[in-house]
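Listed here are the chains, written in short residue letters.
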Amino acid sequence: MSGAERSRVLVRGVVQGVGFRPYVYGLAGRLGLAGHVTNTGEGVVAEVEGAREAVAAFRQRVGSEAPPLAVVESVTHEPLPPLGGSGFRIVASRSGGTPSALSTLVAPDIATCRACLRELADPADRRHRHPFVTCTDCGPRFTLVTGLPYDRANTTMAGFAMCERCAREYEDPADRRFHAQPVSCHDCGPRARLLVPRAPGAGTGWTEHGGDPVAEARRLLARGAVVAVKGLGGYHLACDAADEESVRLLRRRKARGDKPFAVMARDPADVEAFAAVGPRERAVLAGDRRPIVLLRRRLPGAERGLPGAERGLAAAVAPCSPDLGVMLAYTPLHHLLLGLPGDPPGPRLLVMTSGNLGGEPLAWDEDEALERLAPLADAFLTHDRPIHVPCDDSVVRVVDGEVLPVRRSRGYAPVPVPLPVPVRPALAVGGDLKNVLGLGEGRRAWLSAHIGDLDDLATLRTFERAGEHLASLTGVAPQLLAADPHPGYRSTRWAEGAAGDRPLRRVQHHHAHVASVMAENGLDGSSPVLGVAFDGTGYGDDGAVWGGEFLLADYDRSTRVAQLRYAPLPGGDAAVRHPWRMALAQLWAAGLAWDADLPCAQGRSEAELRVLARQLDRGLHCVPTSSMGRLFDAVSALIGVCRHAGYEAQAAIELEAAAAACSAPDPGAYAFALRSPTGGGPLLADPGPLLAAVVADLRAGAARELMAARFHAAVTALVLRACAAVRERHGVETVALTGGVFANALLSEACARGLRGDGFTVLRHRIVPPGDGGLALGQLLVAAH
């Protein structure tokens, strides 16, 4: 046996709040090592002493055998003089000064583990029906951390003194609750409570209901009530998803329009009657992150004979949507609401939608929630564990067997995105829609949780708070800021005011989209890619509204090599809210008549049509747009699928639903014209011939589903033709598909399949959303490169 040696081992990454110190304690014990382990602002630091072979084995195994929730980014070590002694201990955490961007990382919020669920349902266990049962393997992290290192004093659990039994578990290295910061029980809190309206004659406001608050909330839901439920990162509004009247009531109160609701179930089997759940979808649903998963709806009648079909699903849950958003219960409170074995019958599926009025930020502070949600809810199921930072549910879908993020938030934030090239410390403020901000330094980018649309003061405050919280966790001190060049964006104006003497880099919207998909696919930017950036709105270099772009791009620059032909956007946002206006504008641009029998013209008065025609002829409030998203809107209205949009992308979503219902799309029926303009410049994709073919199909009485499918096939064919033409000119072999339009599964799958078949390497999003929720990542790379 060789002589003794001592080593200081520093482990960086997501290593606090995931049971890492108990793991180190056990590993050191198995190897016969003395020393200690602690949390610091840098990460987890262990000093180990013993036989040289054992110390070497510790350094090799400490990262490779880490706990399941840990993400080890680096293990470094340095020799120390041996001190002698025996035994291994866990010592109190050290602040270690201000964290740097190379310091420890905070874990995301994680769904309740199986061991805790067994305790929740076991009448003999002291945590039976405790709504906050948790351990080192599960529970809240990101939403309750107030500072580093990750200790109870630096969380919103600091105000809850542990009872004697919880303290023993917390201090026992052999217990799975050893240093589990949210550890609690019925005796030491937190505690749930149910608030109901005061009795008639007792004044206005809310009063606490006696008895079991969760059981009573479940009874209220079964009777058709809408209940505001405080979760990990904010409030949900919940109701029985099988109760048509209750769902419609919630839709009216929330001013939701026809935007789909998400539903919560206890098991994937509970939704198989209404949506297709493949193996990959099942794994994502039941994983420890528990996002909302967009599942393809079953066609009417297909649910017959399947388990759960007898309960039904209210038609108002997701009208006209091709998908059903489903998540599984991820907190003990959710499991209790859905019922434990032996509980009285109750709702099998719950609508669980963000606790806000349409357009407002998520409610997460109790006092604010009681004020803002009072007109929407019949009762409040709340608790006294504070939320430090709001965090909405994540949304994903499975495309070609891979997870495509639609909204990256709970369960994913604040896990950093590894960068293929180092960047100087920078803050990227994203866009104004689906806002997510990001901090970058070195080879990491930290993205905030989903913030939302920056269209009111409350959301801007949430934006600022999210930035401050992210900075406190990462220690990044930005040397520059990055923003969208749109002169009207609130995020850009905020960055202008916050920059001070630091440079502010404005990154073209679609260049940022392309850079984001390059970054998450590990490209260093040494060779350009052909970015196909399709979305609804993005400020172009010429001041027009871009959104149907083919860009030859790296991190330094982008060149527009092909585009959708410009069409007027009459009235700006008015055309977005009323796709029939966009349909008539596209017909006008194509030189096609506005015949009264066209679905997009039906119901419009002659005076209304005259005003729109005059507006188009004179170019009044008609900024030109090359947006593919707006073309989807136009075709949706033209064929009568959606003429008025109550929420973003409604017309395009319903057009995808119609196309998905078509069994024989006849892919060659519609086509764009692809031309090289006189005098050079980008290729122009003209939808005029396509629109003429759609009008001909309308005259012939073609089904909406067939026309929708033919349109999707035509867009796919355009992507293949344009990419092949650009490859012939520039030799590029890699195509990056990005922008919100590529959240459309039909289009994304068809384009990727066709491009690969033509020999291209295809890049798609797997870490950040293709829409504006991924902009900040691209802004960081372009601005800091």
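This text follows the structure it describes.
Predicted model, so just to flag it, every value in this text is computed and none were measured.

Caption draft 1: Region of interest: the sheet that holds strand E17 (residues 402–407). One open sheet holds the eleven strands; their spatial order is E8-E7-E15-E9-E10-E14-E11-E13-E12-E16-E17, and the pairing between them is mixed. The open sheet has two edge strands, strand E8 (206–208) and E17, and neither has a second partner. Neighbour-to-neighbour, the strand axes of this sheet turn through a mean angle of 35°, independent of strand direction. In this sheet, E8 lies alongside strand E7 (residues 192–197) in antiparallel orientation, the contact comprising three bridges.

Caption draft 2: Region of the structure containing the state of the cysteines. Scanning the entire structure with this criterion turns up zero disulfides. Not engaged in a disulfide, the cysteine Cys 600 finds its nearest cysteine sulfur in Cys 642; these two sulfurs lie 13 Å apart.

Caption draft 3: Structural detail: the sheet that holds strand E21 (residues 504–506). One open sheet accounts for four strands, arranged E19-E18-E20-E21; its pairing is mixed. Strands at the two margins of the open sheet, each flanked by one partner only, are strand E19 (438–447) and E21. Adjacent strand axes in the sheet meet at a mean angle of 55° when their direction is disregarded. Both strand E18 (residues 417–428) and E19 contribute to a ladder of six bridges, which runs antiparallel. Residue pairing for E19: Val 417 is matched across the bridge by Ala 445. Lying on the sheet, helix H11 (residues 490–498) is in contact with E18, strand E20 (480–483) and E21; it crosses E20 at an angle near 165°.

Caption draft 4: Structural detail: the packing of helix H18 (residues 688–699) against helix H19 (residues 704–730). Where H18 meets H19, the axes come as close as 11 Å, and the angle between the chain directions of the two elements is 165°. As summarised for this structure, H18 and H19 are arranged roughly antiparallel, according to the angle between their axes. Here H18 runs over H19; the crossing is right-handed. Of the residues in H19, those in contact with Leu 690, Val 694, Asp 697 and Leu 698 of H18 are Met 707, Arg 710, Phe 711 and Ala 714.

Caption draft 5: Focus on the nonpolar core. Phe 20, Val 24, Phe 58, Val 62, Leu 337 and Leu 381 are the most contacted members of the largest nonpolar core, which has 77 residues in total. Element by element, the count of residues in this core is highest for helix H1 (residues 20–30), at five residues. Setting aside anything within four residues of it in sequence, one finds Val 62 in contact with Val 9, Val 11, Phe 20, Tyr 23, Val 24, Leu 27 and Val 75.

Caption draft 6: Summary view of helix H10 (residues 457–474). End to end, H10 covers 26 Å across 18 residues, agreeing with the expected 26 Å (1.5 Å per residue, within 8%). The elements touched by buried residues of H10 are strand E6 (105–106), E19 and H11. Two to three positions downstream of the cap, the backbone nitrogen of Ala 458 sits 3.3 Å from a side-chain oxygen, assigning the N-cap of H10 to Asp 456.

Caption draft 7: Quick look at the side chain of Asp 151. Locating Asp 151 in the fold gives a position in the loop between helix H3 (114–121) and helix H4 (164–171). A relative accessible area of 14% means that Asp 151 is categorised as buried. Excluding anything up to four places from it in sequence, Asp 151 contacts Arg 21, Asn 39, Ser 93 and Gln 181.

Caption draft 8: Representation of the packing of aromatic side chains within the structure. All told, the structure shown has eight aromatic pairs when counted by the stated rule. When the centroid spacing of 5.3 Å and the interplanar angle of 75° are considered together, the rings of Phe 20 and Tyr 23 count as edge-to-face. With Phe 20 and Tyr 23 both in helix H1 and three residues apart, this pair spans about one turn of that helix. Comparing Phe 20 with Tyr 23, the two get one shared label, buried. Ring geometry for Tyr 25 and Phe 88: centres 6.3 Å apart, planes at 70°, overall edge-to-face. One end of the pair, Tyr 25, is in helix H1; the other, Phe 88, is in strand E5 (residues 88–90), and 63 residues separate them in sequence. We classify Tyr 25 as partly exposed; its relative accessible area is 30%. Among the residues examined, Phe 88 registers a relative accessible area of 12% and is labelled buried. Clustering of aromatic rings is evident, with ring pairs tying together Trp 206, Tyr 235 and Phe 380. Its end group placed over the ring of Phe 261, Arg 251 keeps NZ or CZ at 4.4 Å from the ring centre. Sitting over the ring of Phe 760, Arg 727 keeps its end group 4.0 Å from the ring centre.

About the thresholds
Residues numbered from 1 in each chain as written. Predicted model: local features only at pLDDT ≥ 70, side-chain atom pairs only at ≥ 80, totals over all residues. Heavy atoms only, no water. Pairing = 2+ DSSP bridges. Helix = DSSP H or I, 4+ residues; strand = E, 2+ residues; numbered from the N terminus. Axes fitted to C-alpha atoms, helices over the stretch in contact; angles between N-to-C directions. Disulfide = S-S within 2.5 Å. Contact = heavy atoms within 4.5 Å. Parallel < 35°, antiparallel > 145°, perpendicular 65-115°, else oblique. Left-handed = near helix turned anticlockwise from the far one by under 90°. Core = buried A, V, L, I, M, F, W, Y, C linked by side-chain atoms within 4.5 Å. Buried < 20%, exposed > 50% of the residue type's maximum accessible area, 1.4 Å probe, protein only. Expected span 1.5 Å × (residues − 1). Polar contact = N/O pair within 3.5 Å; in protein donor to acceptor, adjacent residues only side chain to side chain. Phe/Tyr/Trp six-rings, centres within 6.5 Å; stacked < 30°, edge-to-face > 60°. Lys NZ or Arg CZ within 6 Å of the ring centre and 35° of its normal.

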